[in-house]
Amino acid sequence: MTSSEYCLRHVGIPTVKYSETIAFYEKLGFLKTYETMNNGAGRPVVFMSRDKVVFEVYEVAESTMAAGAIDHIAIAVSDVTVIYKELCEKGIPILEDIT
């Protein structure tokens with residue numbers, strides 16, 4: 001997605017599907033900027049970035065699967081219709097139509 005600059009800082013994303021989560025964000029154009037092990041938990045963690053947005057994806061043994069753990073992520077874009085079309089073309093599931 002090259003048509004818009006994103007605007008956000010850092011969001012921590014716990015996941016039980018570490019590789020799948022990374023692959024999802026890579027489809028959105030995010031790149032791994034730093035990957036390591038969480039020494040306390042003995043599980044992997046990766047920072048992924050695109051423009052000014054940074055996600056910290058870290059593996060957990062269990063997820064709460066409840067609203068509030070991470071209910072949603074909002075990313076500001078300059079042209080939502082262009083981004084919407086690009087997401088659809090990449091097969092990214094869209095929960096709500098923008099029209």
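Residues numbered from 1 in each chain as written. Predicted model: local features only at pLDDT ≥ 70, side-chain atom pairs only at ≥ 80, totals over all residues. Heavy atoms only, no water.

A. A look at the sheet that holds strand β4 (residues 53-59). The strand order across the open sheet built from four strands is β1-β4-β3-β2, with neighbouring strands paired in mixed fashion. With one partner strand each, in any of the chains shown, β1 (10-15) and β2 (31-38) form the two edges of the open sheet. In this sheet, adjacent strand axes meet at a mean angle of 20° when their direction is disregarded. Two elements, β1 and β4, share six bridges in a ladder whose sense is parallel. (Pairing = 2+ DSSP bridges. Helix = DSSP H or I, 4+ residues; strand = E, 2+ residues; numbered from the N terminus. Axes fitted to C-alpha atoms, helices over the stretch in contact; angles between N-to-C directions.)

B. Spotlight on the packing of aromatic side chains. Per the stated rule, a full pass over the model turns up five aromatic pairs. Ring geometry for F24 versus Y25: centroids 5.0 Å apart, planes at 85°, classification edge-to-face. Through a chain of ring-to-ring contacts, the aromatic side chains of F24, Y25, F30 and F55 assemble into a single cluster. (Phe/Tyr/Trp six-rings, centres within 6.5 Å; stacked < 30°, edge-to-face > 60°.)

C. Just the side chain of T15, in detail. Along the polypeptide, T15 turns up in strand β1. Overall, the relative accessible area of 8% leaves T15 in the buried class. Those residues in contact with T15, other than ones at most four positions away along the chain, are T21, V57, Y58, E59 and V60. (Buried < 20%, exposed > 50% of the residue type's maximum accessible area, 1.4 Å probe, protein only. Contact = heavy atoms within 4.5 Å.)

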